[in-house]
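Descriptive structure summary
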Amino acid sequence: FVQSEHALEHFLKPVESELQLACDRVRVGLIDPDNRDQFIQLLRPFLERSRLVSSVLISDGRDQSWLLYKSKTECQIKKVSPSLVRPFFDAVSPSNLNGNTEKTVTWIPRHHQINPHEATSSAVAAIRGPDGQKRIIAFNLQVKAIAGFIQEIRPLEKGHTVIALPDGFLLGMPWFLLLDQE
């Protein structure tokens, strides 16, 4: 079990650490939903080198919401609707939006908000920008990428690994268990 926990920590920790760094940049105004080019410039390098994160979402919850995503050839960006973003705002801890400076990542298990044809899990954080306005930033991971990683972890010869969130939702499981749920 120790080896499995170590592998999982090294799997999720870089995503959470990079998300916290992005939150710090939002908090001081380096990343802002109103500045699309700056968002691309600061997050494209991370997205290009990440094996797991397939897209990054930033939103002010009103009219400025951007999704930076990997395409087959390069990173692309598109404006997204407030209805797509609302579940991300609903999922994060209200205390984070009410001035709490504690850095908290909320994991949203398997959903189809980003792409209706592909299941995604998301690491989401809520922060306030330097202007006091609420923002969310989400790093979205393809469920199949999580499943591929988990399949490699074998705590026992005939055992399998799943990632369960504290609330009981499954963040990831081996791909062959996903087939029954697709």
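Refer to the preceding data block for the structure.
A short tour of the structure in this document, coming up. (Residues numbered from 1 in each chain as written. Predicted model: local features only at pLDDT ≥ 70, side-chain atom pairs only at ≥ 80, totals over all residues. Heavy atoms only, no water.)

Let's talk about the overall build of the protein
Put simply, the test is: Going along the chain from the N terminus, every DSSP run of H or I of four or more residues is numbered as a helix, and every run of E of two or more is numbered as a strand. Summary of the burial criterion: residues with accessible area below 20% of their type's maximum are buried, those above 50% are exposed, and those between are partly exposed, where the area comes from a 1.4 Å probe applied to protein chains only. Surface accessibility in these figures is a Shrake-Rupley result with a 1.4 Å probe; residues are shielded only by whichever protein chains are displayed.
A tally of regular secondary structure across the protein gives six helices and eight strands. The order of α-helices and β-strands along the protein, N terminus first, is α-α-β-β-β-α-α-β-β-β-α-β-β-α. A total of 182 residues make up the protein; the buried ones form 46% of that total. In the structure as shown, the protein presents an accessible area of about 9800 Å², 52% of it carried by carbon and sulfur atoms.

Observations concerning the side chain of Arg135
Formally: N or O atoms within 3.5 Å of each other form a polar contact, as long as, within protein, one can give a hydrogen and the other can take it, and as long as residues adjacent in sequence are counted only when both atoms are side-chain atoms.
For Arg135, the position within the fold is in strand 6 (residues 134–142). At 3.2 Å, the side chain of Arg135 and the side chain of Asp32 are in polar contact.

A few points about the sheet that holds strand 3 (residues 75–79)
What links the strands of a sheet is backbone hydrogen bonding, and the strands pair in either a parallel or an antiparallel sense. Spelled out, the test is: Strands qualify as paired when DSSP identifies two bridges or more between them. All axes here are fitted lines through C-alpha atoms, helices being fitted over the stretch that makes contact, and every angle between N-to-C directions spans 0 to 180 degrees. What makes two residues a contact is simply this: any of their non-hydrogen atoms within 4.5 Å.
Pairing is antiparallel across the open sheet formed by six strands, whose spatial order is 3-2-1-6-5-4. Each edge of the open sheet carries a strand with a single partner, namely strand 3 and strand 4 (106–111). This sheet shows a mean twist of 20° between the axes of neighbouring strands, independent of strand direction. As paired elements, strand 2 (residues 65–70) and strand 3 share five bridges and run antiparallel to each other. Looking across to strand 3, one finds that Leu67 is bridged to Lys78. Docked against the sheet, helix 2 (residues 36–49) engages strand 1 (53–59), strand 2, strand 3 and strand 6, running at close to 30° with respect to strand 2.

Notes on helix 3 (residues 82–91)
Each α-helix turn comprises 3.6 residues. Residues three or four places apart therefore point the same way. Keep this limit in mind: Throughout, the arc means that of the directions going from the helix axis to the C-beta atoms.
Of all the residues in helix 3, the buried ones are Leu84, Val85, Phe88 and Phe89. For helix 3, the angular spread of buried residues about the axis comes to 135°, placing them on one side. Along helix 3, the residues that are exposed and aim more than 90 degrees away from the buried face are Ser83 and Asp90.

Quick notes on the side chain of Ser54
Secondary-structure assignment places Ser54 in strand 1. The exposure class of Ser54 is buried, given its relative accessible area of 13%. Beyond its immediate stretch of four places on either side in the chain, Ser54 contacts Leu47, Leu68, Tyr69, Lys70, Asn140, Leu141 and Gln142.

Structural notes on the packing of aromatic side chains
Short version of the rule: Between the rings of Phe, Tyr and Trp (Trp by its six-membered ring), a pair exists once the centres lie within 6.5 Å; its type follows the angle of the planes, with under 30 degrees stacked, over 60 edge-to-face, and the other angles tilted.
One pass over the full model with this rule turns up one aromatic pair. Judged by centre distance (4.9 Å) and plane angle (25°), the rings of Phe46 and Phe139 are stacked. Of the two residues, Phe46 sits in helix 2 while Phe139 sits in strand 6, which places them 93 residues apart along the sequence. Comparing Phe46 with Phe139 shows no difference in burial state: the two are buried.

Observations concerning the nonpolar core
Worth spelling out the cut-off: For our purposes a nonpolar core is just a set of buried Ala, Val, Leu, Ile, Met, Phe, Trp, Tyr and Cys residues, chained together by side-chain atoms within 4.5 Å.
If you look at the biggest cluster of nonpolar residues, it comprises 28 residues, and the most contacted ones within it are Phe39, Leu43, Ile137 and Phe139. Residue assignment for this core shows that the elements contributing at least two residues are helix 1 (2–27), helix 2, strand 1, strand 2, strand 3, strand 5 (120–128) and strand 6. No other element matches helix 1, which puts six residues into this core. Apart from residues lying up to four places away in sequence, Leu43 is in contact with Ala22, Ile31, Val56, Leu68, Ile137 and Phe139. In terms of nonpolar packing, the next biggest core, distinct from the first, is built from 14 residues, Leu57, Phe88, Ala126 and Ile136 among them.

Everything listed is a geometric property; what it means functionally is a separate question.
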